[in-house]
Amino acid sequence: MSLKFNIRHLEQHNLTLDGELSIAELELESLDELIHFEEPVSYDLELQKLENAVLAQGALRLVLHCECARCLKPFDRTLALDHWASPPSLKREEKVDVSNDLVDSTPFIREHIVLSLPQQPLCEPECKGLQNASKKLASGGLEKKDSTSSTWAELNKLKL
Ligand SMILES: [Zn+2]
């Protein structure tokens, strides 16, 4: 299911390709603790043969299932990469895997997706972190306990 295309098919005219790439194919499974991928990546690309190269460009779309880095709330975000373009695939370029006239664009798509992922997924840009969540947690008596008790410890020191 990788995104391979035959250079010979491009000799006469440009090619349009659309379809899906699986997460396994793109090796995105365990990339980031806070970002999970469940659905395949869809692509809609146009391939063009230049004099000595192949140019692939078009749109990629995928859904990220994230956990907010500040409040840990789960949320989904669609990543729409409308202007992806492969580096021109020269036949003798080392990086490009051309076998039997097939060019594999998968590694470039992977690279572009990896570079486009949020460094720190946030449920909203202004997320205030665990402030609200800690109130809920306080009644349950879980987590945050340590920081609360150490705050009291600090206060006690001040009183002395
Ligand atoms: Zn958040």
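An account of the accompanying structure is given in this report. (Residues numbered from 1 in each chain as written. Predicted model: local features only at pLDDT ≥ 70, side-chain atom pairs only at ≥ 80, totals over all residues. Heavy atoms only, no water.)

## Points about the overall build of the protein
Logical step 1: The helix and strand inventory of the protein stands at 3 helices and 8 strands.
Logical step 2: The proportion of buried residues among the 160 residues of the protein is 31%.
Logical step 3: Long-range pairs, those at least 24 residues apart, make up 62% of the contacts in the protein between residues at least 6 apart in sequence.
Logical step 4: When the accessible surface of the protein is split by element, carbon and sulfur atoms take 49% of a total near 10700 Å². (Helix = DSSP H or I, 4+ residues; strand = E, 2+ residues; numbered from the N terminus. Buried < 20%, exposed > 50% of the residue type's maximum accessible area, 1.4 Å probe, protein only. Contact = heavy atoms within 4.5 Å. Areas by Shrake-Rupley, 256 points an atom, 1.4 Å probe, with all protein chains shown as cover.)

## Re the nonpolar core
Logical step 1: The biggest cluster of nonpolar side chains holds 35 residues, and the ones touching the most others in it are F37, L60, L64, I109 and I113.
Logical step 2: The greatest single-element share of this core, amounting to 6 residues, is contributed by strand β5 (residues 54-67).
Logical step 3: With residues near it in sequence (within four places) discarded, I113 still touches L26, L28, V41, L60, L62 and L81. (Core = buried A, V, L, I, M, F, W, Y, C linked by side-chain atoms within 4.5 Å.)

## Observations concerning the coordination of the zinc ion
Logical step 1: Distances from the zinc ion to its protein donors, C68 (SG), C71 (SG), C123 (SG) and C127 (SG), fall at 2.3 Å.
Logical step 2: Taken together, the 4 donor atoms coordinating the zinc ion span angles of 106 to 113 degrees at the metal, a pattern that classifies the geometry as tetrahedral.
Logical step 3: When the donors of the zinc ion are listed by position in the chain, the intervening gaps give C-x2-C-x51-C-x3-C. Note that C71 is positioned in the loop between β5 and β6 (74-85) and C127 in the loop between α1 (106-116) and α2 (130-140), a separation of 56 residues in sequence. For the residue pair C71 and C127, the accessibility class agrees, reading buried in each case. (Donors = N, O, S within 2.8 Å, 3.2 Å for Na, K, Ca; no water. Tetrahedral: all angles 85-135°; square planar, octahedral: opposite > 155°, others 65-115°.)

## Some details on α1
Logical step 1: Of the residues making up α1, those classed as buried are T106, F108, I109 and I113. The arc that holds every buried residue of α1, seen down its axis, measures 165 degrees, which confines them to one face.
Logical step 2: Its buried side turned inward, α1 meets β2 (15-21), β4 (41-49), β5, β6 and β8 (102-104). (Arc of directions from axis to C-beta.)

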